[in-house]
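Commentary on secondary and tertiary structure
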Amino acid sequence: MKHLHPTAALAGLLLAISSLSTLNATVAYATEPAAASEARAAVARPPKFVTAAEWGSDPAPIADDRRHTPTYVTLHHAGVLWTKDRDPVAFIRNMQSWGKRRPQIEQPPRNTFWPDLPYHFLVAPDGRIFEGRSLDYEPESNTKYDLAGHVGVELMGNFEEQRPSPAQVESAVRLVAWLLAEHELPLSAISTHGKVAGGQTSCPGRDFARYFDGEPAPFATWVDRVLRGEEPAIELGAPLDGGPTESITETTKKP
Ligand SMILES: [Zn+2]
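For the structure given in this document, a descriptive report is provided here. (Residues numbered from 1 in each chain as written. Predicted model: local features only at pLDDT ≥ 70, side-chain atom pairs only at ≥ 80, totals over all residues.)

1. Here we look at the packing of helix α4 (residues 166-183) against helix α7 (residues 218-227)
The condition is simple: Every axis corresponds to a line fitted to the C-alpha atoms, with the helix fit spanning only the stretch in contact, and the corresponding angles, defined between N-to-C directions, vary from 0 to 180 degrees. Here a helix means four or more residues in a row that DSSP labels H or I, a strand means two or more in a row labelled E, and each is numbered from the N terminus. Each angle is binned into one of four classes, with values under 35 degrees roughly parallel, values over 145 roughly antiparallel, values of 65 to 115 roughly perpendicular, and all other values oblique. Helix crossings fall into two classes, left-handed where the near helix is turned counterclockwise from the far one by less than a right angle and right-handed where it is turned clockwise. Working definition of a contact: two residues with C-beta atoms, positioned from the backbone, lying within 7 Å.
Orientation of α4 relative to α7, taken along the N-to-C sense of each, is 60°, at an axis distance of 9 Å. Relative to α7, the element α4 is oriented oblique. The handedness of the crossing between α4 and α7 is right-handed. Contacts between α4 and α7 involve V173, R174, V176, A177, L180 and A181 on the former and, on the latter, F219, W222, V223, V226 and L227.

If you want it as structure tokens, here you go:
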């Protein structure tokens, strides 16, 4: 059975495209030990932050049995090609309303009610960070893994087909640093959907997922600098062999 990524399922609904479910990654779960968390500076909430109230979030109540304690920060991509004519706020509002309508519009087992966005934060190509689901509740997924404890951070776009923008990666780094500081979590709490749901998804896409591999992983290195009160000094890699070459900020609608 294929497990569509939540946002990919939304796109399938909106665009009537059924080919977004290519899930072929085989990845091992991260096993790196917890990193020392000494020498942490105070980390401010990142700039370009848009609260749920500011973008007009309208969630349904979430059941008490979904309450959790943030323990991991798990990165995703939307899995939907982003074109520069799109409006991030409209995208998020559509995703939220679609989740609430799943019982009416989806077939089992995908017809479960999603009272709010499946993610806690969503990062736009221009670097804006939109607050999603309350951190008090576990996220949603169409893949199988224990959701409790995961803070879901989604970057808009499909990084199998386009490259994240520098502003988007920097906001993700600053957001994750802030979350680790606020919840007193180690660098080893950082993971990706592909790593926690091994073999079920290529999320967060090869041109972003690569920054979570290696020892130390580049993304964790950038986050660690922010935690120490330094600039993240992010250096994005050259395009991968056979990978996407176009930045998300350049993608236009294909005719
Ligand atoms: Zn994902």
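Moving on from the coordinates now.
2. Considerations on the sheet that holds strand β1 (residues 49-50)
Spelled out, the test is: Whether two strands pair comes down to DSSP finding at least two bridges between them.
Spatially, six strands are ordered β1-β4-β3-β5-β2-β6 in an open sheet, and the strand pairing comes out mixed. Since the sheet does not close on itself, it has two edges, and those belong to β1 and β6 (190-192), each with one partner. With two bridges joining them, β1 and strand β4 (residues 129-131) adopt parallel strand pairing. Residue V50 lies in a different strand from β4, and its bridge partner there is F130.

3. Observations regarding the nonpolar core
Rules: Residues of type Ala, Val, Leu, Ile, Met, Phe, Trp, Tyr and Cys that are buried and joined through C-beta atoms within 7 Å form what is called a nonpolar core. To assign burial, the other C-beta atoms lying within 10 Å of each residue's own C-beta are counted, with C-beta atoms placed from the backbone; 20 or more indicates buried, 12 or fewer indicates exposed, and intermediate counts indicate partly exposed.
With 46 residues, the main nonpolar core has V123, V153, V176 and V223 as its most contacted residues. For this core, the secondary-structure elements that each account for two or more residues are β2 (72-77), α3 (88-105), β3 (121-123), β4, β5 (150-155), α4, α6 (206-209) and α7. Per-element accounting of this core gives the leading share, nine residues, to α4. Apart from residues no more than four positions distant in its own chain, V123 is found in contact with I129, V153, E154, L155, M156, Q168, S171, A172 and L175.

4. Side note on α4
Formally: Here the expected span of a helix is defined as 1.5 Å times the quantity of residues minus one.
For α4, built from 18 residues, the straight-helix expectation of 26 Å at 1.5 Å per residue is met to within 8% by its first-to-last C-alpha distance of 26 Å. Burial of α4 is extensive: 13 of the 18 residues sit out of reach of the surface. Just past α4, the residue E184 takes up positive phi, approximately 55°.

5. Some points on the environment of E230
In this fold, E230 is placed in the segment after α7. With 189 residues separating them along the chain, E230 and A41 place their C-alpha atoms 8.8 Å apart.

6. Considerations on α3
The periodicity of an α-helix, 3.6 residues per turn, causes residues three or four places apart in sequence to face the same way. The line we're drawing: We define the bend at any residue as the angle between the axes fitted to the seven residues before and including it, ending there, and the seven starting there.
Considering bend angle alone, the principal kink of α3 is centred on G99 and spans about 45°; proline P103 follows within four residues of it. Turning to α3, its buried residues are F91, I92, M95, Q96, W98 and G99.

7. Examining unusual backbone geometry
Residues C203 and P204 are joined by a peptide bond in cis, for which omega reads 10°. Residue P216 is reached from E215 by a cis peptide bond, and omega for that bond is 0°. Position of P216 among the secondary structure elements: in the loop between α6 and α7. Phi at K48 is positive, roughly 65°, even though this residue is not glycine. On the basis of neighbour counts, which here come to 16 C-beta atoms within 10 Å, the residue K48 falls in the partly exposed class. Notably, A233 is not glycine yet its phi reads approximately 50°, a positive angle.

8. Some thoughts on the pairing of β2
Among the six residues in β2, five count as buried, and that is most of the element. Note that β2 and β5 share six bridges and pair parallel. Bridging from a neighbouring strand, H77 pairs with L155 of β5. Relative to β6, β2 runs parallel, the two being bridged by three bridges. Note that in β6 the partner of T74 across the bridge is S191.

So far we have only geometry, and geometry alone does not tell us how the molecule works.
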